[in-house]
Amino acid sequence: QGGLGSPSGGLHSDFRTPEYSAAKEIESRKWEACRGMGYSFGYNRLEQDEHFIAPETLVRSFVDIVSKNGNLLLNVGPMADGTIPEIQMRRLRAMGAWLKVNGEAIYGTRPWTRAEGQTADGTPVRFTQRGDALYAILLDTPAAAQVVIRDLALPAVAEARLLGNPAPVRWTQQGADVALDVPQPWPDSPAHALKFAPVR
């Protein structure tokens, strides 16, 4: 794709902006996923709750996008009087509540060496990093207190904790994997951010 008047065929843009889709891998250039909460990009009084992205799915999609060097541009469609419909407010509150606890794993972070991983029980994991901290964000609640993150090697000096819980998390390196004993019970959350630091 070349820009108009560009003899070299260079790309004249700041961001790639896919709509209602996301990157499959980490992209070196910053990009932005653009989507509405429902099928319509603005307010549509015919849309019901089942036509909107579920709050849990929205949080998980957001984490996935950030792990791949992206931003999320989420459209909010107000009614004619400027009021944000409750059906949309529920999703915004869910995002805000999750970020209040786990924002450290999102704000100011960059992609790690890879975006995706998984636990031994198949829970998807997304990675971000900031400074000397690595964040492993579980995109669901594991069934057990012990979590094994596949193909993750940590330095012996690294400490682990679950964001939102001040208690340290015991961890051990088991070959190519990291096993963690997470304080119970798991919080009621669509995703759980584990912090490891220092990792450099």
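Each value, and the rule that gives it
Residues numbered from 1 in each chain as written. Predicted model: local features only at pLDDT ≥ 70, side-chain atom pairs only at ≥ 80, totals over all residues. Heavy atoms only, no water. Helix = DSSP H or I, 4+ residues; strand = E, 2+ residues; numbered from the N terminus. Polar contact = N/O pair within 3.5 Å; in protein donor to acceptor, adjacent residues only side chain to side chain. Contact = heavy atoms within 4.5 Å. Phe/Tyr/Trp six-rings, centres within 6.5 Å; stacked < 30°, edge-to-face > 60°. Pairing = 2+ DSSP bridges. Axes fitted to C-alpha atoms, helices over the stretch in contact; angles between N-to-C directions.

**Quick look at the side chain of T123**
No. 1: Positionally, T123 belongs in the loop between β3 (110-118) and β4 (124-130).
No. 2: In this structure the side chain of T123 is engaged in a polar contact, spanning 2.9 Å, whose partner is the side chain of D121.
No. 3: Setting aside anything within four residues of it in sequence, one finds T123 in contact with G117, Q118, L138, L139, D140 and P142.

**Re the packing of aromatic side chains**
No. 1: For the structure on display, the rule yields one aromatic pair.
No. 2: A ring pair is formed by W112 and F127, whose centres lie 4.9 Å apart and whose planes are at 50°; its orientation type is tilted. Here W112, found in strand β3, pairs with F127, found in strand β4; they are 15 residues apart in sequence, far enough to count as distant.

**With respect to the sheet that holds strand β10 (residues 192-197)**
No. 1: Pairing is antiparallel in the open sheet, where eight strands are placed in the order β3-β4-β5-β10-β7-β8-β9-β6. A single partner strand is all that each edge strand has here, and the edge strands are β3 and β6 (146-149). In this sheet, neighbouring strand axes are inclined to one another by 25° on average, regardless of whether the strands run parallel or antiparallel.
No. 2: As paired elements, β3 and β4 share five bridges and run antiparallel to each other. Within the sheet, the bridge partner assigned to Q118 lies in β4 and is P124.
No. 3: Strands in contact with helix α1 (residues 55-67) are β3, β4 and β5 (133-138); relative to β4, the strand with the most contacts, it is inclined by about 50°.

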